[in-house]
Amino acid sequence: MDHPENSSEYAGLQVNSGVKQPPIVNPYLKRNRRRELSAAELVEGIVKGDVTILSQAVTLIESVNPDHQARAQEVINKCLPYSGRSIRVGISGVPGAGKSTSIDEFGMHVLREKGGKLAVLAIDPSSERTKGSILGDKTRMEKLAQHPDSFIRPSPSAGSLGGVARKTRETIILCEAAGFDKIFVETVGVGQSETACHSMVDFFLLIQVAGTGDELQGIKRGIMEISDGIVINKCDGDNVDRCQMAATNFRNALHFFPMPESGWLPKVLCYSGFYGTGVKEIWDMIYQYIDFVKANGYFDYRRNEQSKYWMYESINEHLRLNFYNNPRIKAQLSAAEQTVLAGHKTSFVAAQDLLDEYFAELKK
């Protein structure tokens, strides 16, 4: 590059060309590809409680590669006999309610008081534009991240609605097989109607903050209606009175809802996730609920209903994937899009034509 400073007009000034930049990656580095473990090896490592192999198995489950999916299903089936012996707690709430910070306090309390092992499945929202996720929930769980009996796995929502990833249900089975007897499922910051997390946990905890709405907001159906417990976070400092008032409003609102199938009337408690006050009362409530539903038989009934629900969900997902991976449908999708964009067909008619084509091919 020609530098004007080297001109004779600027006597005494000279710019050196500099040193050539070395490559970012060491050219002498030899990368050895890690051997892929078989399904039997993965199951053996999971049952032994090896969190490294557990992480690899979860990655296999989340993969969209058809070969990976076949191996993942084999791993899940072999882990199924070792599953089902945990308490599953779903934790949801609006963005900024303090879910990750609260999980750090909840987890440390339950490990300290009850022992055992804890797995945290944190779902992070994926970008609609770049399809990427930050996966930064673990940074707010500083204490749990260092605890030897905890396992934190952030996963992208990958376009799934309902606040949880599609593969979270299967990940729970692997964690239970690895010996984790307490499992937290942290959803993304969800709204009123996104309730998929409820279909995979035993206790659904809704975290609220004061000042998010009036009394009408409290009696709206949806996520409020399916909560087994409601807790008001950030009850500290000057915010205590507002939190107590919000708790009173929520308690009054719960009386407008029909009694849940479990027969349990949800409780409303206040606590501070930052200072860790009120956490013991929340865990006492969760264990009271578990004892209550196990005594009246609702615990097993709900587990069975959840299994049935996810069977139908799996059918729906496999049908959708089979439809879009069909060669004839792939060839006609672009043409169908163009007819809709050109205004020759409505979206519904174009979709029906594609479905008719798909079902006609299945009959052949």
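On a predicted model such as this, the values are computed, not experimentally measured, just so you know. (Residues numbered from 1 in each chain as written. Predicted model: local features only at pLDDT ≥ 70, side-chain atom pairs only at ≥ 80, totals over all residues. Heavy atoms only, no water.)

Here's the deal with the overall build of the protein
Using the following cut-off: Think of it this way: any DSSP run of H or I at least four residues long counts as a helix, any run of E at least two long counts as a strand, and we number them from the N terminus. Throughout, exposure labels follow a simple rule: accessible area from a 1.4 Å probe, protein chains only, divided by the maximum for the residue type, with under 20% read as buried, over 50% as exposed, and the rest as partly exposed. Contacts: residue pairs with any heavy atoms within 4.5 Å of one another. The accessible surface values rely on the Shrake-Rupley method and a 1.4 Å probe; as for residues, cover is taken only from the protein chains in view.
On a plain count of helices and strands, the protein comes out with 13 helices and seven strands. In the protein, which comprises 364 residues, the proportion classed as buried is 41%. Restricting the contact set of the protein to residue pairs at least 6 apart, pairs at least 24 apart contribute 75%. For the protein, the exposed surface amounts to about 21,100 Å²; the carbon and sulfur share of it is 54%.

Observations regarding the packing of aromatic side chains
We count it as follows: Here a Phe, Tyr or Trp ring, Trp counted by its six-membered ring, pairs with any other such ring whose centre lies within 6.5 Å, and the pair is stacked when the planes are under 30 degrees apart, edge-to-face when over 60, and tilted otherwise. When the NZ atom of lysine or the CZ atom of arginine is within 6 Å of a ring's centre and also within 35 degrees of its normal, the charge is said to sit over that ring.
All told, the structure shown has 13 aromatic pairs when counted by the stated rule. The interplanar angle of 25 degrees and the centroid separation of 5.7 Å between the aromatic rings of phenylalanine 184 and tryptophan 283 together place this pair among those described as stacked. Here phenylalanine 184 is found in strand 4 (residues 182-186), whereas its partner tryptophan 283 is found in helix 10 (residues 279-296), with 99 residues between them in sequence. Tryptophan 283 shares its class with phenylalanine 184; the two are buried. When the ring of tyrosine 298 is compared with that of tyrosine 301, the centres are 5.8 Å apart and the planes differ by 40 degrees; the resulting orientation is tilted. Within this pair, tyrosine 298 and its partner tyrosine 301 are both found in helix 11 (residues 298-324), separated by three residues, close to a single helical turn. Three or more aromatic residues joined by ring pairs make a cluster, and in this case those are Phe203, Trp264, Tyr289 and Phe292. Cation over ring: lysine 114 sits above tyrosine 287, and NZ or CZ is 4.5 Å from the ring centre. Here the guanidinium or amino end of lysine 294 rests over the ring plane of phenylalanine 299, the centre of that ring lying 5.0 Å away.

Some thoughts on the layout of surface pockets
If you roll a probe as big as a water molecule over the atoms, it shows you where there is empty space left. Selection criterion: Buriedness of a pocket was judged along seven lines, with at least five required to meet protein on both sides within 12 Å; pockets are open sets of points on a 1 Å grid over the protein atoms alone, cavities are sets where a 1.4 Å probe fits but cannot get out, and lining residues have an atom within 4 Å of a point. Grid points are joined across faces, edges and corners, and a volume is the space filled by probe spheres set on the points. Nonpolar residues are Ala, Val, Leu, Ile, Met, Phe, Trp, Tyr, Cys and Pro. Charged residues are Asp, Glu, Lys and Arg, and all others, Gly as well, are polar.
Here the second largest pocket defines a volume of roughly 430 Å³. Sorting the residues of the lining of the second largest pocket by element identifies helix 8 (223-226) and helix 11 as the ones contributing at least two each. Top contributing element to the lining of the second largest pocket by residue count: helix 11, with six residues. Here the residues of the lining of the second largest pocket sort into 13 nonpolar, six polar and five charged.

What about the pairing of strand 7 (residues 267-270)?
Note the following rule: A strand pair is defined by DSSP finding two or more bridges across the two strands. Convention used here: a crossover is right-handed provided that the path from the first strand, over the helix, to the second strand proceeds clockwise when the strands point away from the viewer.
Alternating positions in strand 7 separate cleanly, Val268 and Cys270 being buried on one face and Lys267 and Leu269 remaining unburied on the opposite face. The pairing of strand 6 (residues 229-233) with strand 7 spans four bridges and is parallel. Within strand 7, the position partnered with isoleucine 230 by the bridge is valine 268. Note on the crossover from strand 6 through helix 9 (residues 240-254) to strand 7: the handedness is right-handed.

Structural notes on helix 1 (residues 39-47)
Condition: Comment: arc refers to directions from the helix axis out to C-beta atoms.
Three or more residues of helix 1 are buried, namely Ala39, Leu42, Val43, Gly45 and Ile46. Buried residues of helix 1, viewed axially, fall in a sector of 165 degrees; they line one side. Where helix 1 is buried, its residues meet helix 2 (51-62), helix 3 (66-79) and helix 6 (168-177).

Remarks on the environment of glutamate 361
Locating glutamate 361 in the fold gives a position in helix 13 (residues 347-363). Look at glutamate 361 and you get partly exposed, because its relative accessible area is 25%. For the pair glutamate 361 and asparagine 326, spaced 35 residues apart in sequence, the C-alpha separation works out to 9.8 Å.

So, the state of the cysteines
Defined simply, a disulfide is a covalent bond joining two cysteines at their sulfur atoms. Definition in use: Cysteine sulfur atoms that pair up within 2.5 Å are treated as a disulfide.
What the rule picks out here adds up to zero disulfides. Cysteine cysteine 270 is unpaired, with the sulfur of cysteine 235 as its nearest cysteine sulfur at 4.5 Å.

A short note on a nonpolar patch on the surface
Under the convention used in this document: A patch consists of residues whose relative accessible area exceeds 30% and which take part in no salt bridge; residues with like charges are grouped when within 9 Å of each other, and nonpolar side chains (Val, Leu, Ile, Met, Phe, Trp, Tyr) when within 5 Å. In the sections that follow, a salt bridge refers to a side-chain nitrogen of Lys or Arg positioned within 4 Å of a carboxyl oxygen of Asp or Glu.
Taken together, the side chains of Met311, Tyr312, Ile315 and Leu319 define a hydrophobic patch exposed on the protein surface, amounting to about 400 Å² of accessible area. Tracing the chain through its elements places tyrosine 312 in helix 11.

What to know about the environment of leucine 205
As for its placement among the helices and strands, leucine 205 is situated in strand 5 (residues 203-209). By relative accessible area, which is 1% here, leucine 205 ends up buried. Expressed as a C-alpha distance, the spacing of leucine 205 and serine 92, which sit 113 residues apart in the sequence, is 6.4 Å. If we skip the residues at most four places from it in the chain, leucine 205 touches Gly90, Ile91, Ser92, Phe106, Gly229, Val231, Ile282 and Met285.

Structural notes on the pattern of salt bridges
For side chains of opposite charge, pairing can occur when their charged atoms come near one another. Per the stated rule, a full pass over the model turns up 14 salt bridges. Between lysine 182 and aspartate 181 there is a salt bridge whose closest N-O contact spans 3.0 Å. Lysine 182 gets classed as buried once you look at its relative accessible area, which sits at 5%. The partner of arginine 302 in a salt bridge is aspartate 228, with the nearest N and O atoms 3.4 Å apart. Pair noted here: arginine 302 is in helix 11 and aspartate 228 is in the loop between helix 8 and strand 6, with a separation of 74 residues, a long-range link.

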